[in-house]
Amino acid sequence: QKEVEQDPGPLSVPEGAIVSLNCTYSNSAFQYFMWYRQYSRKGPELLMYTYSSGNKEDGRFTAQVDKSSKYISLFIRDSQPSDSATYLCAMNRSGGSNYKLTFGKGTLLTVNP
Amino acid sequence: DVKVTQSSRYLVKRTGEKVFLECVQDMDHENMFWYRQDPGLGLRLIYFSYDVKMKEKGDIPEGYSVSREKKERFSLILESASTNQTSMYLCASSPGLVRQYFGPGTRLTVT
């Protein structure tokens, strides 16, 4: 079983839709859970992160972590064409080589006007 | 504004050539990383460095080496390029555990 699993999509939604992106993981040592966004022909950039379980909201974006299920989600409300990108989940451990992030393969999202 | 720059956006090399990919960050970050990104395989860590002259292997170090002589510069070296090293190479730097700042990437083609 891979450490981090992410459905690659592609996912295509109309403008204004609510988008749900998800990852599952197998390593219970993961403590930081991140979402990166990557526009075409650009490097990824951090969108938001959560430490341990819980929810975090930032504008139209909400990140959720359920450590009991080893499941993380990113919700995008009122999606816009500018949200069209690849979304990568990432996570790391709390000790040892904790600089090292483990990434999902990314989900390609297209928001149609 | 934070900045990670990579020496080339596109590079074409021949099999067997020695290839240098350069990455420079202007944020005084301790940690720097080299990844490759391939369709269906996602981002995979090749090497990272947590201090000058310090390095650790990532998940796929075979066929690569790195050099970090100065804090701001991290180089990836392909000793003898092969066609299976055709990929997008991304450099990143970070001050801590979470946020990594990525460069724009180098699309390397080995023919």
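Structure first, text after, so check above.
Remember, it's a predicted structure, so these values are computed and weren't measured experimentally.

Undergrad: Could you give an account of the overall build of chain B, with specific residues and numbers?
TA: Scanning chain B from terminus to terminus reveals zero helices and eleven strands. Just so you have it, chain B exposes about 5300 Å², and 49% of that area is on carbon and sulfur atoms.

Undergrad: Outline the nonpolar core, supporting the account with residue identities and numerical values.
TA: One finds Trp 35, Ile 72, Leu 74, Tyr 87 and Met 91 of chain A to be the most contacted residues of the largest nonpolar core, which totals 24 residues. Elements with a contribution of two residues or more to this core: strand E3 (19-25), strand E4 (30-38), strand E5 (45-51), strand E7 (61-66), strand E8 (71-76), strand E9 (85-93) and strand E11 (107-112) of chain A.

Undergrad: Summarise the pattern of salt bridges; cite the residues concerned and give the values.
TA: Counting across every chain of the model gives twelve salt bridges over all chains. We note a salt bridge from Glu 3 of chain A to Arg 93 of chain A, for which the minimum N-O separation is 2.9 Å. A residue pair is termed long-range when its members are at least 10 positions apart, and Glu 3 of chain A in the segment before strand E1 (4-6) and Arg 93 of chain A in strand E9 qualify at 90 residues. For Arg 93 of chain A, a relative accessible area of 24% translates into the label partly exposed. Where Arg 36 of chain B meets Asp 38 of chain B, a salt bridge forms, and the shortest distance between an N and an O atom there is 2.8 Å. Classification of Arg 36 of chain B by relative accessible area gives buried; the value is 8%. Salt bridges sharing common partners tie together Asp 28, Glu 30 and Lys 71 of chain B.

Undergrad: Kindly report on the packing of aromatic side chains, identifying the contributing residues and their values.
TA: In the structure shown here, the tally under the stated rule is twelve aromatic pairs over all chains. On the numbers, 5.6 Å between centres and 90° between planes, the contact of Phe 103 of chain A with Tyr 35 of chain B is edge-to-face. Of this pair, Phe 103 of chain A sits in strand E10 (residues 102-103) while Tyr 35 of chain B sits in strand E4 (residues 31-38), each in a different chain. The class of Phe 103 of chain A is buried, set by a relative accessible area of 9%. Given a relative accessible area of 1%, Tyr 35 of chain B falls into the buried group. Relative to Phe 102 of chain B, the ring of Phe 103 of chain A has its centre 6.3 Å away and its plane inclined at 75°; by these criteria the two rings are edge-to-face. Of the two residues, Phe 103 of chain A sits in strand E10 while Phe 102 of chain B sits in strand E10 (residues 101-102), which places them in two different chains. Considered together, Phe 103 of chain A and Phe 102 of chain B belong to a single accessibility category, that of buried residues. The structure contains a cluster of three or more aromatic residues connected by ring pairs, namely Tyr 36 and Phe 103 of chain A together with Phe 33, Tyr 35, Phe 48 and Phe 102 of chain B. The residue whose ring lies beneath Lys 56 of chain A is Tyr 49 of chain A, and the NZ or CZ to ring-centre distance is 4.4 Å.

Undergrad: Go over the interface of chain B and chain A, please, and point to the residues and values.
TA: Contact with chain B, which involves 24 residues of that partner, is made by 19 residues of chain A. Note on chain B versus chain A: buried area summed over both sides is about 1800 Å², and carbon and sulfur give 61% of it. Per-residue buried area on chain B facing chain A is highest for Leu 43, Leu 97 and Val 98 of chain B; these three make up 34% of the total on that side. Inspection of the chain B/chain A interface yields one salt bridge. When the shortest N-O distance is used, the salt bridge between Lys 100 of chain A and Asp 59 of chain B registers 2.8 Å. Summed over the shared surface of chain B and chain A, the number is six residue pairs in polar contact (both at pLDDT 80 or more). Of all elements in the fold, only E4 and strand E5 (42-51) of chain B reach the threshold of two or more residues within the side of chain B that touches chain A. Tallying contributions element by element places E5 of chain B first for the side of chain B that touches chain A, with five residues. Class assignment for the residues of the side of chain B that touches chain A results in 13 nonpolar, seven polar and four charged.

Undergrad: A description of unusual backbone geometry should follow, citing residues and the corresponding values.
TA: Residues and elements named next belong to chain A. With an omega of 5°, the peptide bond between Gly 9 and Pro 10 qualifies as cis. Within the element layout of this structure, Pro 10 appears in the loop between E1 and strand E2 (11-14). One non-glycine residue, Ser 52, lies in positive phi territory at about 60°. Note on placement: Ser 52 falls in the loop between E5 and strand E6 (54-58).

Undergrad: Any chance you could break down the sheet that holds E6 of chain A for me, citing the residues and the numbers?
TA: Residues and elements named next belong to chain A. If you walk across this open sheet you meet the five strands as E1-E3-E8-E7-E6, and the pairing is antiparallel. Two strands in the sheet have a free side with no partner beyond their single neighbour: E1 and E6. Sheet twist, expressed as the mean angle between neighbouring strand axes with direction ignored, is 15°. Relative to E8, E3 is paired through six bridges, and the arrangement is antiparallel. Note that in E8 the partner of Val 19 across the bridge is Ile 76.

About the cut-offs
Residues numbered from 1 in each chain as written. Chains lettered and ligands numbered in written order. Predicted model: local features only at pLDDT ≥ 70, side-chain atom pairs only at ≥ 80, totals over all residues. Heavy atoms only, no water. Helix = DSSP H or I, 4+ residues; strand = E, 2+ residues; numbered from the N terminus. Areas by Shrake-Rupley, 256 points an atom, 1.4 Å probe, with all protein chains shown as cover. Core = buried A, V, L, I, M, F, W, Y, C linked by side-chain atoms within 4.5 Å. Buried < 20%, exposed > 50% of the residue type's maximum accessible area, 1.4 Å probe, protein only. Salt bridge = Lys/Arg side-chain N within 4 Å of Asp/Glu carboxyl O. Phe/Tyr/Trp six-rings, centres within 6.5 Å; stacked < 30°, edge-to-face > 60°. Lys NZ or Arg CZ within 6 Å of the ring centre and 35° of its normal. Contact = heavy atoms within 4.5 Å. Buried area = accessible area lost by both parts, 1.4 Å probe. Polar contact = N/O pair within 3.5 Å; in protein donor to acceptor, adjacent residues only side chain to side chain. Nonpolar A, V, L, I, M, F, W, Y, C, P; charged D, E, K, R; others polar. Pairing = 2+ DSSP bridges. Axes fitted to C-alpha atoms, helices over the stretch in contact; angles between N-to-C directions.

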